[in-house]
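Understanding the architecture of this molecule
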There are 2 protein chains.
Amino acid sequence: MSHRTAVGIDLGGTKIAAGLVRDDGTVLAQAGVPTPAREGAAAILDAVARLVGLVLPDGVDAPGSPGSPDVLVGVGIGSAGVIDSGRGTVVSATDALTGWAGTDLTGGISARLAATGSPAAHLPVLADNDVHAHALGEHWLGACAGTRTALVVAAGTGVGATLLLDGSPQHGARHVAGHLGHLPVAEAAGLPCTCSRTGHLEAVGSGPALHALYLRLGGDPAHTTARAVCEVAGDDTVARHAVVVAATALGRTVGGVANMLDPEVVVVSGGLAGAGALWWDTMNAALATELMPPLAGLPVVPAVLGGDAAVLGAARLALAAHSDTRGAATSLPQDLEVGLDLVTALPSAPSAPRRNP
Amino acid sequence: MSHRTAVGIDLGGTKIAAGLVRDDGTVLAQAGVPTPAREGAAAILDAVARLVGLVLPDGVDAPGSPGSPDVLVGVGIGSAGVIDSGRGTVVSATDALTGWAGTDLTGGISARLAATGSPAAHLPVLADNDVHAHALGEHWLGACAGTRTALVVAAGTGVGATLLLDGSPQHGARHVAGHLGHLPVAEAAGLPCTCSRTGHLEAVGSGPALHALYLRLGGDPAHTTARAVCEVAGDDTVARHAVVVAATALGRTVGGVANMLDPEVVVVSGGLAGAGALWWDTMNAALATELMPPLAGLPVVPAVLGGDAAVLGAARLALAAHSDTRGAATSLPQDLEVGLDLVTALPSAPSAPRRNP
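Computed from a predicted structure; not experimentally measured.

With that settled, consider the packing of helix α1 (residues 41-54) of chain B against helix α2 (residues 105-115) of chain B. All names here are of chain B. Between α1 and α2, whose axes approach to 9 Å, the crossing angle comes to 55°. With respect to α2, the element α1 is oriented oblique. Crossing angle aside, the handedness with which α1 passes α2 is right-handed. Contacts between α1 and α2 involve Ala-42, Leu-45, Asp-46, Val-48, Ala-49 and Val-52 from the former and Leu-105, Gly-108, Ile-109, Arg-112 and Leu-113 from the latter.

Of all residues in chain A, 87% attain a pLDDT of 70 or more, and the chain-wide mean is 89. Segment residues 327-357 of chain A: pLDDT under 50, and 65 contacts once partners within four positions in sequence are set aside and those in other chains are kept.

With that out of the way, let us pick up the environment of B:Gly78. All names here are of chain B. Along the chain, Gly-78 falls in strand β4 (residues 71-79). Look at Gly-78 and you get buried, because its relative accessible area is 0%. Distance from Gly-78 to Ala-127, taken between C-alpha atoms, is 5.8 Å for residues 49 residues apart in sequence. Not counting residues up to four positions away in its chain, the partners in contact with Gly-78 are Ile-9, Asp-10, Leu-11, Asp-128, Asn-129, Asp-130, Ala-133 and Ala-314.

All names here are of chain A. Inspection of the entire model under this criterion finds two aromatic pairs over all chains. Ring centres of Trp-279 and Trp-280 lie 6.5 Å apart, and the angle between their planes is 55°; on these two criteria the pair is classed as tilted. The class for Trp-279 is buried, based on a relative accessible area of 1%.

Within the secondary structure, B:His182 sits in the loop between β10 (168-169) and α4 (202-205). Contact partners of B:His182, with chain neighbours within four places excluded, come to A:Gly256, A:Asn259, A:Met292, B:Cys193, B:Thr194, B:Cys195, B:His200 and B:Glu202.

All names here are of chain A. Applying the stated rule across the entire model yields 18 salt bridges over all chains. The salt bridge involving Glu-187 is made with Arg-252; its shortest N-O contact spans 3.9 Å. Highlighted residues: Glu-187 in the loop between β10 (168-169) and α4 (202-205) and Arg-252 in helix α7 (residues 237-261), separated in sequence by 65 residues. A relative accessible area of 24% means that Glu-187 is categorised as partly exposed. By sharing partners, the salt bridges in this structure join Arg-22, Asp-24 and Asp-70 into a single network.

Once that is clear, we can look at the relation of the copies chain B and chain A. Superposing chain B onto chain A takes a rotation of 180° combined with a translation of 0.0 Å along the rotation axis, leaving an RMSD of 0.0 Å. Here the copies are linked by what is in effect a two-fold axis. For chain B, the residue whose C-alpha comes nearest the rotation axis is B:Ala186, separated from it by 2.5 Å. A share of 100% of the interface residues of chain B reappears at the interface of chain A, consistent with the copies meeting face to face through the same patch.

Reading the values: the criteria
- Residues numbered from 1 in each chain as written.
- Chains lettered and ligands numbered in written order.
- Predicted model: local features only at pLDDT ≥ 70, side-chain atom pairs only at ≥ 80, totals over all residues.
- Heavy atoms only, no water.
- Axes fitted to C-alpha atoms, helices over the stretch in contact; angles between N-to-C directions.
- Helix = DSSP H or I, 4+ residues; strand = E, 2+ residues; numbered from the N terminus.
- Parallel < 35°, antiparallel > 145°, perpendicular 65-115°, else oblique.
- Left-handed = near helix turned anticlockwise from the far one by under 90°.
- Contact = heavy atoms within 4.5 Å.
- pLDDT = per-residue confidence, 0-100.
- Buried < 20%, exposed > 50% of the residue type's maximum accessible area, 1.4 Å probe, protein only.
- Phe/Tyr/Trp six-rings, centres within 6.5 Å; stacked < 30°, edge-to-face > 60°.
- Salt bridge = Lys/Arg side-chain N within 4 Å of Asp/Glu carboxyl O.
- Least-squares fit on C-alpha atoms with pLDDT ≥ 70 in both.

Structure, rendered in structure tokens:
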């Protein structure tokens, strides 16, 4: 059976991960490097292009090679920052990535792949925000597969949420949609938010905010992360209080947003979602307490793909775009279809394909 | 030039309004009756069917008559309650309409139109929630015409909001989407909400909630409505405080939801939106204070169609469905098109067509 494959990239503030992903979800190869976050956009683009090369190694079983029925169809990138997915550009970004705002992300990668004669040269390169890529992964192979309306919450370094309608992330009018962390909540009253406003969910509900709350309450400075605070919450009453306040703020807000959007399912991902039963149970109970009666029983489930979700979702971007283009092309004149057949024969493949959970 | 027309119905807890609406937005006839809210679903359906007859009078210039190029294409209904717009049924409703939950709304109207030999007999009947119909009207002819992503807030007896994507109201997985009033807000802490939960926006931000807050604060019982409280807020410091609290709660919540959904424009409608400068200015300032920098300058505008919006939007439902069907029908076999030509010649028309604002 013939398979299509794509390279998926998860580009975050601390690391860049890449995977060669088959259209059945099998990850054929993976690679990762620390993000050169302080070295400017060109250095980041260089690192991404090198990673594409690393997951497309020389060999005999590569997608598109004579020995393989697989064909490579493109590269998808889920990137930190506000991404214009139509143009493939970085609209804005925080200081976590120096010089990232304004970058022509897909153009920069395409140019590098062409210049290096990559097997992916001249194939489509697509990009979206990394939280949206994560949600795409969970919709493709994870916790909200098959749903028509899903809210995928990410609670970690920041707090975001992707509204998926028929599997498509909603981007809003300025590519900014998804900033769940910037709803006002009582628990954050007076606290400065990363967005420059005050009193927003992210100022109490993110991992760094939970940790900061713990320290403000007199917690032990030896515990230096939100995860550490969650881990000691069984014995440390200050830690317990901080976890409860942060998880309650998130749960209440998600419950209210569910009343507004009526999703089929809520998926909760990110570092805090896996930080222990106290956080999860508190968040889940606070969420349920806000739901209107018609929403009683709304499924609230943890994400299942873990750190691979954004790589898989980014690959899905490229695979889905290829499907869309192939479908549309059936009625195009022959000379317009040429670009759709730029499928590259690859000289190699990794030796141990693995199936994701 | 030939025009299509449709009957639009706005079915609320206190009144039912009907209009015969042309596809250029002209309202050819209007009628209204008090809602027989305590008499059960059959009485309400009877009243709606009678209103359809009232706006389709005998005469010589009626849509579809030999003297008129206009054709009647259907009936659209915007109704209070949670509406399954696909099936045309009432999923649930508050006690404001006795026995309304479970009603086969479009089926009941179709049966009555057929039984009475109405000119609208056998034409499509469509239904949606009244807040969504209002938003459809504003998108067709009003404050968010031409926008791809709009949030239309209704602040009156309740607090709701329709998210319009490409002009289509989002209904969610259980037809419940739009319940903006059921997000938690600090200003409503501890207050019981109409939905059975506590601490939601609607418990402080709706008209009745604003009035109740005024009385709790020691306001003058001679002022019996939220509008009256707004009117005296210039001289009455208690009234002023109640208006500021209610408007701030709404504005902050809408600002936060805008950060999440990134609409092109926010339209604010409902009784409170027209209740004076103090409410509007306070709401608008609170909203702006929450916006992330990329959303600075988000247009927040009042609705412009007033009480006609839901009638126009309901008519638009039927007009748009007719367009969709005609479009789809061009490739159908001839015998499948018969049902699409059930356009009724009308014997009359009103004498003074008027153009809506």
